[in-house]
Amino acid sequence: MKVRVHVSLKNGVLDPQGRAIHHALEGLGFDGVNDVRAGRLIELDVADTIADEALDEMCRKLLANMVIENYRIEKVAA
Amino acid sequence: MPFTAAVITFPGSNCDRDMAVAIEEISGGTVHRVWHGDAALPDGLDLIALPGGFSYGDYLRSGAMAARSPVMQAVVEQAGRGVPVLGVCNGFQVLTEAGLLPGALMRNAGIRFVCRDVKLKVENASSLFTSAYLPGQTITIPVAHHDGNYYADAETLDRLEGEGRVAFRYLEACNGSQRDIAGVLNEKGNVLGMMPHPERMIEPAHGGSDGRKLFESVLHGLNALA
């Protein structure tokens, strides 16, 4: 089973990379971009039998830093 | 008792040698070099130092992989017993990722790598790591980092300030850190993380020796206990 873990910065946490990307988009002449937040996508290939709790624990223990980041687990049909 | 310290080397550490030399020169003691894969640390340590560098190539997040390496369980255990632990630069990032210090170190607000001498204010001159400084003293220590932007929520920051756990503060804009925090202590005061490199400022040939007093503080603290 394919699992996608979307890691994003929590609201209110300043995102210097997102801001730089925003400026770059404006520099390229793209108007109407209100805000940019950069995150991370991690794709896992896991056993079909894996428990949801285990996936959750992977995120909390390693894949996301819970001080500054949120995560969302998306199961993708293999 | 001769001073005994351990300097941890992770794959990608690059300030481990400087750290070991600084501790050796200032303490006249013994420094064990410990590899990240070692499951145990020597007994009777007076200081554990986590050096700067780019452990695991900063993969995932700076310090994230190193914080989960085998030796860190021993570091967490010894920190819990009160052994002094100093994390500099990447070492600071590892300490936050390991949960030994609050907050997180994010990409510098200006995006660029910052590599220069900075002026710091000694905010807490009574800690294990800072007692040889004067309260409010201005010192100059170099920084060299890309991810030194200290972040914690307002409640945590207020608590750190209220408990005297902000050890050092930048006196000039450096990396966008909340409240210009350059170094923080844990609740018990035996763990210090800081982005500036005291081990790079220990003799006149370095351009100054303001970093010496940090190591001297640890030495004096132990002598006072003995």
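Position labels on residues start from 1 in each chain and follow its written sequence. As a convention, the first chain written is A and the first ligand written is 1, with the rest following in written order. Note on the predicted model: pLDDT of at least 70 is required for a residue's local features to be given, and 80 or more for side-chain atom pairs to be given and counted; whole-chain, interface and lining totals, by contrast, use all residues. Side-chain calculation: all heavy atoms of the structure are included, whereas hydrogens and water are not.

Chain B goes by Phosphoribosylformylglycinamidine synthase subunit PurQ in an unreviewed UniProt entry, where it is assigned to Novosphingobium olei. UniProt positions are given in the numbering used here, feature names are shortened, and annotations may be inferred rather than shown by experiment. Regarding chain B, the UniProt comment filed under Pathway (unreviewed entry) reads as follows: "Purine metabolism; IMP biosynthesis via de novo pathway; 5-amino-1-(5-phospho-D-ribosyl)imidazole from N(2)-formyl-N(1)-(5-phospho-D-ribosyl)glycinamide: step 1/2." UniProt lists a comment for chain B under the heading Subcellular location (unreviewed entry), and it reads "Cytoplasm".

As annotated in an unreviewed UniProt entry, chain A is Phosphoribosylformylglycinamidine synthase subunit PurS from Novosphingobium olei. According to its UniProt record, chain A has this under Subcellular location (unreviewed entry): "Cytoplasm". The heading Catalytic activity (unreviewed entry) in the UniProt record of chain A holds the text "N(2)-formyl-N(1)-(5-phospho-beta-D-ribosyl)glycinamide + L-glutamine + ATP + H2O = 2-formamido-N(1)-(5-O-phospho-beta-D-ribosyl)acetamidine + L-glutamate + ADP + phosphate + H(+)".

Residues and elements named next belong to chain B. Only protein chains enter the area calculation, which uses a 1.4 Å probe; residues under 20% of their type maximum are buried, those over 50% are exposed, and those in between are partly exposed. Strands are runs of DSSP state E lasting at least two residues, helices are runs of H or I lasting at least four, and both sets are numbered from the N terminus onward. With respect to burial, strand 7 (residues 138-145) is a largely interior element, 6 of its 8 residues being buried. A strand pair is defined by DSSP finding two or more bridges across the two strands. Sheet topology note: the strand 6 (residues 114-122)/strand 7 ladder contains 8 bridges and is antiparallel. By the bridge assignment, Leu120 is partnered in strand 7 with Ile139.

Counting residues at the interface gives 17 residues for chain A and 15 residues for chain B. The buried area of a pairing is the accessible area, by a 1.4 Å probe, that goes missing from both parts when the two are put together, added over both. In total, about 1300 Å² of surface goes out of reach between chain A and chain B, with carbon and sulfur atoms giving 64% of it. Sorting the residues of chain A by area buried against chain B places Pro16, Leu62 and Asn65 of chain A first, and these three jointly supply 36% of that buried surface. A side-chain nitrogen of Lys or Arg and a carboxyl oxygen of Asp or Glu constitute a salt bridge if their distance falls within 4 Å. If you look at where chain A meets chain B, you find 1 salt bridge. Across the salt bridge formed by Arg61 of chain B and Glu69 of chain A, the nearest N and O atoms sit 3.6 Å from each other. Any pair of nitrogen or oxygen atoms within 3.5 Å is treated as a polar contact; in protein, a donor-acceptor pairing is required on top of that, and neighbouring residues in sequence qualify only through side-chain atoms on both sides. Where chain A touches chain B, the interface holds 6 residue pairs in polar contact (both at pLDDT 80 or more). Elements with a minimum of two residues in the side of chain A that touches chain B: helix 1 (16-27), strand 2 (40-45) and helix 2 (52-63) of chain A. The element contributing the most residues to the side of chain A that touches chain B is helix 1 of chain A, with 4 residues. Split into classes, the residues belonging to the side of chain A that touches chain B amount to 11 nonpolar, 2 polar and 4 charged. Throughout, a residue-residue contact means that at least one pair of heavy atoms, one from each residue, lies within 4.5 Å. Residue type decides the class: Asp, Glu, Lys and Arg count as charged, Ala, Val, Leu, Ile, Met, Phe, Trp, Tyr, Cys and Pro as nonpolar, and the leftover types, Gly among them, as polar.

Another point: helix 4 (residues 90-97) of chain B. For helix 4 of chain B, the buried fraction is high: 8 of the 8 residues fall into the buried class. Turning to helix 4 of chain B, its buried residues number three or more, namely Asn90, Gly91, Phe92, Gln93, Val94, Leu95, Thr96 and Glu97 of chain B.

Before going further, it helps to spend a moment on the layout of surface pockets. In this analysis the probe radius is 1.4 Å and the grid spacing 1 Å, with only protein atoms considered; a cavity is a set of points the probe fits into but cannot get out of, a pocket is an open set with protein on both sides within 12 Å along at least five of seven lines, and lining residues have an atom within 4 Å of a point. Grid points are joined across faces, edges and corners, and a volume is the space filled by probe spheres set on the points. In this structure, the largest pocket encloses a volume near 470 Å³. Taken together, 24 residues form the lining of the largest pocket, with Gln17, Arg40 and Glu69 of chain A together with Leu60 and Arg61 of chain B sitting closest to its centre. Counting only elements with at least two residues in the lining of the largest pocket, the list comes to strand 1 (2-9) and helix 1 of chain A together with helix 4 and strand 5 (104-106) of chain B.

To continue, consider the pattern of salt bridges. All names here are of chain B. For the structure on display, the rule yields 21 salt bridges over all chains. In this structure, the salt-bridge partner of Glu77 is Arg81, at a minimum N-O distance of 2.8 Å. Using a relative accessible area of 41% as the deciding quantity, one classes Glu77 as partly exposed. The network of salt bridges with shared partners includes Lys121, Glu123, Asp158, Glu161, Arg169 and Arg179.

Moving on: the sheet that holds strand 6 of chain B. Residues and elements named next belong to chain B. What the 9 strands build is an open sheet, ordered 2-1-3-4-11-10-9-6-7; its pairing is mixed. The open sheet has two edge strands, strand 2 (30-35) and strand 7, and neither has a second partner. Taken over all neighbouring pairs, the strand axes of this sheet differ in orientation by 20° on average, direction set aside. Simply put, an axis is a line fit to the C-alpha atoms, just over the touching stretch for a helix, and the angle between two N-to-C directions goes from 0 to 180 degrees.

Moving on, we get to helix 5 (residues 154-162) of chain B. All names here are of chain B. By the burial criterion, the buried members of helix 5 are Thr156, Leu157 and Leu160. Looking straight down helix 5, one finds that the buried residues subtend no more than 100° of arc, so they occupy a single side. Turned more than 90 degrees from where helix 5 packs its buried face, Glu155 and Gly162 sit exposed. Looking at the buried side of helix 5, the elements it contacts are strand 8 (149-151), strand 9 (166-170) and strand 10 (181-185). Of the residues trailing helix 5, Gly164 is marked for its positive phi of about 65°. Arc definition: it is the arc formed by the directions from the helix axis to the C-beta atoms.

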